[in-house]
Structures are given as structure tokens and as C-alpha cells.
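If you want the building blocks of each chain, they are given just below.
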Amino acid sequence: MVGKKEGTKELSGFSQAIKSQLIPLAVLVLIIVISSIASPVFLTKSNFENLVLQMAVSMIVSCGMFTILLTGGIDLSVGSVAAVAGVMASTWLESHNWVAAGFMAVLVGALFGILNGLLVSKLKVAPFITTLGTMYFARGMAYWFTSAKTIQWTGFENVAGFKMLGGGRLFGFLPVPTLIWILVYLLTVILIKFSKFGRICYAIGGNEEAARLSGIKTEFYKILPYAFTGLLAGLGGVVLAARLGVGSPASGDGLEMDCITAVVVGGTSLSGGSGNVLGILIGAFILAIITNILNLCNVPAYPQQMLKGAIIIAAVILSTIKEKKKH
């Protein structure tokens, strides 16, 4: 009987998640239909493989951004942190094996996240201002570390593993970056759905003062989403450098907007306390498909940026309407 009740509860939770995502799901289906009509290449196997590969970095970092937005925060520094991690991993490949170089770079990302979390939680600096500052600091650090040059790591010795990380395929068909974002997504699902961390993120985003009065160490738990996001930004930067074959201080530009847009389009509230992990996946696919079909139709980069801006505005308007209905 207990097993039945638990199964029913899980099914009910999944059904509720689907119901809360009906609009984003409808938008996703509509975009798929339009894209398949607009280009005969869209529904091909090779294009789908390219699609899930192209969204790898933004999907990895979006999982972290989701946890921050749940608490009512924001992180504008993820693109710059990814750049720092990418150039550091690429540089360290010359003197370290690829596992050590990648691990140290990811650790640098986590340290940036912890710094953001400490400033927001302990010093009560607004998340927007904090992460805007670290965004500029990290980008400057990436240029300083490389003397504004691109690091061509492919010429170094013992980089076969790093090449595999960016361009390898598992079982001959699954791109390694795709596998990484799937694993990161599953980890996020576990953290949000089945751990204390997830419940506390919702509680802080819903009403931080009430959460504090109920005995939750809000200062400590506000640091964790930023640390997690910094770590994932570092991982995203390493994967990006491995894919491109270079560590560029200009890489990751605009990544923060892609991640915030994907999470908000997926139904997460900018004011915190509302959203679910299914929305990350839906939002990321919506953005990836839009970019993919525009590229297939040879639409220039500038109109694509305009469209992304319009999507952000529309998502914020919908989020605001939803919040007003709740209150």
C-alpha cells in the first residue's frame, strides 16, 4: 500500500509539472511544426544531433541559473566565468594532463560562484550589482590571463582526452558534450526534487524572512546556488574550449542572457519561489530550435539578437502576469 501511495504521489507530481508547463510545451510543439515546414533539413537525424550538441553549454549553465532564479537572485557573470575557465584549462593543458587542467578550471568557476554567493548573502549586495561586477572582473581576468590572445591548445601534447571531451562520441553516436548536459540535468532534477537543497531554494524564493524564522540558515543556503552555478559555468567553459579547439577570452559572450531566457521561457518566475526543472529543458529546446532554424534559413545574426530580445520581453511579461494572478 505504501509503495502504491508513493507511486501515485510521484505520478501526481509529474502530472502537475506537465500542467504547469502547458504553455511552454505548446510553444515548443508549434515551433517544431513551423521549423519542419520552413526547412526540410530540420527533422533530419544529423540536424537533431547538431541541435542537442549546440545547446550543450547553455543547457549546462541553465541548470545552475535555475537554482539561483528560484531563490529570487540572478547571475550575470556566467558567460565571463565560462571564458575564464576555458582559457585557463587551455593554458594549463601545456603543463598538466587534461583531467587536472579541466578540474582546476572548473574549480575556478566554483570559486567565482562562492564569491558571488558571499557578497549576496553575507554583505547583502543586490545580486544584479554583484554579478554585474564579477562579470566585468572575470572578463577582464580572461583577457589579462591570455594577454588578449587566443590559446591554441590543439598543438600541445597529451590532449587526446580533451579533444574527446569536446568532439568525441559515446557508442559512436552520442556526442560527449550532449552526454554531459544530460547528466548535469539529471543531477539538477535530483537536487531540486529529492533533496533538502531544492525545498529550501523554493522556500527562500517564496518568502526569505519566513524561511529564516522557521529555522532555515538562509545565508548559507543562498550561497549554494551561486556556488553550483559557478561550478557549472566553469564546466561549460571547459566544454566550450574543448569543442572549439581554442581557449578564447571572448568566448561565452551573451551566455548569461541565453541561460536566463531559457529558464524564464520555461516558466520560472524572476521573483523567485516558482518554477520546475522540466521548464529548463523546454526553454532550452525552444531557444536552441529557434537559433537552429534561423541558421538553416540563413537569417543574419543581428535579427536573431532582436528576436532573442523580443522573447525575453515576452517571457518577462508572461511571468509578471502569472505573479499578479497569484496575488
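The present account deals with the structure reproduced in this document. (Residues numbered from 1 in each chain as written. Predicted model: local features only at pLDDT ≥ 70, side-chain atom pairs only at ≥ 80, totals over all residues. Heavy atoms only, no water.)

**Thoughts on the overall build of the protein**
Step number 1: A tally of helices and strands in the protein yields 15 helices and two strands.
Step number 2: Here the C-alpha atoms of the protein give a radius of gyration of 20 Å, agreeing with the 20 Å that 2.2 N^0.38 yields for 327 residues.
Step number 3: Along the first, second and third principal axes, the C-alpha set of the protein runs to 55 × 50 × 45 Å.
Step number 4: Out of the 327 residues belonging to the protein, those deemed buried represent 50%.
Step number 5: Long-range contacts, defined as pairs at least 24 residues apart, comprise 81% of the intrachain contacts of the protein with a sequence gap of at least 6.
Step number 6: When the accessible surface of the protein is split by element, carbon and sulfur atoms take 70% of a total near 16,000 Å². (Helix = DSSP H or I, 4+ residues; strand = E, 2+ residues; numbered from the N terminus. Rg over C-alpha atoms; globule rule 2.2 N^0.38 Å. Buried < 20%, exposed > 50% of the residue type's maximum accessible area, 1.4 Å probe, protein only. Contact = heavy atoms within 4.5 Å. Areas by Shrake-Rupley, 256 points an atom, 1.4 Å probe, with all protein chains shown as cover.)

**A few points about the packing of helix α4 (residues 56-70) against helix α14 (residues 277-296)**
Step number 1: Their axes nearest at 10 Å, the elements α4 and α14 cross at an angle of 140°. Crossing of α4 against α14: the hand is right-handed. Residues Met-59, Ser-62, Cys-63 and Phe-66 of α4 touch α14, and the partners they reach there are Val-277, Ile-280, Leu-281 and Ala-284.
Step number 2: Looking at the contact of α4 with α14, its residues break down into seven nonpolar, one polar and no charged. (Axes fitted to C-alpha atoms, helices over the stretch in contact; angles between N-to-C directions. Left-handed = near helix turned anticlockwise from the far one by under 90°. Nonpolar A, V, L, I, M, F, W, Y, C, P; charged D, E, K, R; others polar.)

**Thoughts on the packing of α4 against helix α12 (residues 218-244)**
Step number 1: Between α4 and α12, the least distance of the axes is 8 Å, while the angle of their chain directions is 175°. By the criterion of interaxial angle, the relationship of α4 to α12 is roughly antiparallel. Contacts between α4 and α12 involve Val-57, Ile-60, Val-61, Cys-63, Gly-64, Met-65, Thr-67 and Ile-68 from the first element and Pro-225, Tyr-226, Phe-228, Thr-229, Leu-232, Ala-233, Leu-235, Gly-236, Val-239 and Leu-240 from the second. (Parallel < 35°, antiparallel > 145°, perpendicular 65-115°, else oblique.)

**Observations regarding unusual backbone geometry**
The bulk of non-glycine residues show a negative phi, and the bulk of peptide bonds are trans.
Step number 1: For Ser-147, which is not a glycine, the phi torsion comes out positive at approximately 55°.
Step number 2: Relative to the elements of secondary structure, Ser-147 occurs in the loop between α7 (127-146) and α8 (160-167).
Step number 3: Its identity as a non-glycine residue notwithstanding, Ala-148 has a phi of 60°, on the positive side.
Step number 4: Position of Ala-148 relative to the elements: it lies in the loop between α7 and α8.

Taken by themselves, the reported measurements are silent on function.
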